[in-house]
Amino acid sequence: MPSPATRLSSYPPLNVQVHTPRLSLLGATDELLERLVPTVRRGVATAPPWPFDDPMSLYKDSPEREWSWLRAVWAGRGRVTDSFWRLYFVVVVDGEPVGMQDLVGTDFASFGTVHTFSWLDPDLRGRGLGKEMRQAVLQLAFDGIGARYAGSDAFFDNHASNRVSQALGYERNGNDWDTRRGEPAEIHRWRLTREQWSKNRRDDIELVGVAECLPVLGIHPSA
Ligand SMILES: CC(C)(COP(=O)(O)OP(=O)(O)OC[C@H]1O[C@@H](n2cnc3c(N)ncnc32)[C@H](O)[C@@H]1OP(=O)(O)O)[C@@H](O)C(=O)NCCC(=O)NCCS
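On a predicted model such as this, the values are computed, not experimentally measured, just so you know.

Participant: So what about the packing of helix α1 (residues 30-42) against helix α2 (residues 64-78)? Which residues, and what values?
Facilitator: Packing of α1 against α2 brings their axes to within 10 Å, and their N-to-C directions diverge by 145°. The way α1 lies across α2 gives a crossing that is right-handed. Here α1 contributes Asp30, Leu33, Leu36, Val37, Val40, Arg41 and Arg42 to the contact with α2, which in turn contributes Arg65, Glu66, Trp69, Leu70, Val73, Trp74 and Arg77. Class assignment of the residues belonging to the contact of α1 with α2 gives a composition of eight nonpolar, no polar and six charged.

Participant: Can you explain the packing of aromatic side chains? Please cite residues and give values.
Facilitator: Two measures describe an aromatic ring pair: the distance that separates the ring centres and the angle between the ring planes. Evaluated as defined, the whole model comprises six aromatic pairs. Where Trp69 meets Trp119, the ring centres are 6.4 Å apart and the plane angle is 65°; that geometry is what we call edge-to-face. With Trp69 in helix α2 and Trp119 in strand β5 (residues 113-120), this pair connects stretches of sequence that are 50 residues apart. Accessibility assignment for this pair places Trp69 and Trp119 in one class, buried. Geometrically, the ring pair formed by Phe142 and Trp197 is stacked, given 5.0 Å between the ring centres and 20° between the ring planes. Taken together, the positions of Phe142 in helix α4 (residues 129-144) and Trp197 in helix α6 (residues 194-199) put the pair 55 residues apart, joining distant regions of the chain. Trp197 carries the same exposure label as Phe142, and that label is buried. Directly above the aromatic system of Trp190 lies the positively charged group of Arg172, at a separation of 5.7 Å from the ring centroid.

Participant: Tell me about the pairing of β5, and name the residues and values.
Facilitator: In the sheet, strand β4 (residues 96-106) pairs with β5 via seven bridges, with the strands oriented antiparallel. Within β5, the residue paired with Gly99 across the bridge is Leu120. By the bridge criterion, three bridges tie β5 to strand β6 (residues 149-155) in an arrangement that is parallel. Looking at the pairing, His115 lines up with Gly151 of β6.

Participant: I'd love a proper account of the side chain of Thr116, names of residues and values included.
Facilitator: By secondary structure assignment, the location of Thr116 is in strand β5. Not counting chain neighbours up to four residues away, the residues in contact with Thr116 comprise Gln101, Asp102, Leu103, Arg134, Val137, Gly151, Ser152 and Tyr170.

Participant: Can you break down the site of the ligand residue by residue, with the values?
Facilitator: The full set close to the ligand counts 20 residues, and Ser118, Leu120, Gly128, Asn158 and Arg163 are the nearest of them. One of the backbone nitrogen or oxygen atoms of Leu120 is found 2.8 Å away from an oxygen atom of the ligand. Put simply, the parts of the chain that give the shell around the ligand at least two residues each are β5, α4 and α5 (159-167). Considering each element in turn, the shell around the ligand owes the most residues, six residues, to α5.

Participant: Could you give an account of unusual backbone geometry, naming the residues involved and the relevant values?
Facilitator: Residue Pro49 is bonded to the preceding Pro48 through a cis peptide linkage, with omega at 0°. Residue placement: Pro49 occurs in the loop between α1 and α2. Of note, the bond from Asp54 into Pro55 is cis; its omega dihedral lies within 30 degrees of zero at -10°. Phi angles above zero are rare outside glycine, and Asp94 is one such case at about 50°. On the secondary structure map, Asp94 appears in the loop between β3 (84-93) and β4. At Asp107, a residue that is not glycine, the phi angle is positive and equals roughly 50°.

The rules behind each value
- Residues numbered from 1 in each chain as written.
- Predicted model: local features only at pLDDT ≥ 70, side-chain atom pairs only at ≥ 80, totals over all residues.
- Heavy atoms only, no water.
- Axes fitted to C-alpha atoms, helices over the stretch in contact; angles between N-to-C directions.
- Helix = DSSP H or I, 4+ residues; strand = E, 2+ residues; numbered from the N terminus.
- Left-handed = near helix turned anticlockwise from the far one by under 90°.
- Contact = heavy atoms within 4.5 Å.
- Nonpolar A, V, L, I, M, F, W, Y, C, P; charged D, E, K, R; others polar.
- Phe/Tyr/Trp six-rings, centres within 6.5 Å; stacked < 30°, edge-to-face > 60°.
- Buried < 20%, exposed > 50% of the residue type's maximum accessible area, 1.4 Å probe, protein only.
- Lys NZ or Arg CZ within 6 Å of the ring centre and 35° of its normal.
- Pairing = 2+ DSSP bridges.
- Near = heavy atom within 4 Å.
- Polar contact = N/O pair within 3.5 Å; in protein donor to acceptor, adjacent residues only side chain to side chain.

This is a description of form; function is not addressed.
What follows is the structure, given as structure tokens:
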């Protein structure tokens, strides 16, 4: 009998997986979210410079933080239309959930553009996992889903996120403003074209369960 981790869901987005030599992105099932709760309870953003724009569950005090974070993922998983969807992935390293890597499509049919969002256990940052997570989700976006552009935004002083974008070939796409914990701060916007991504395309990343997921997102490649 398959273990709970390998049992297939009847909802295809939860079966999508991306495997790299260092980590896996697994569709965020409730079982995986539960295993990630202790990390959320310990804190994901605990000191400036604050990385997330408002509103953000992860800025709240525990236990409201965990409750609010779970509600946000549940609500986001349930909000799927042709013009907006968000795939939530738990990042797993050596069998342990260590963060999240999401892929967001907005008017994907018209623009072929996706955005990414991520966070990693603070104890595991600065070891190249952030870059590996982004490469994994970009492989899914461009190779699996057929994206034409990937965007990423980060506050000007979020050096790790900005550096991941720069290192992976994104180009600056202007500035914007947003608030974090109520205070305005400048955002750096980045954009990666399919062509630029292809130059650094990796051949050691495996995609699982993508074809079955596409119709759920309103994507019909053969149409
Ligand atoms: C963003 C995040 C996922 C990146 O993961 P990470 O594992 O820390 O990043 P990596 O170790 O892969 O580093 C990627 C690059 O950033 C650089 N970097 C990492 N931390 C840095 C820091 N504090 N200052 C400057 N550069 C940094 C690395 O040197 C590397 O650059 P290189 O490719 O030139 O060597 C992680 O830092 C995180 O969870 N941050 C908080 C949440 C967040 O900011 N999410 C994004 C919101 S937009």
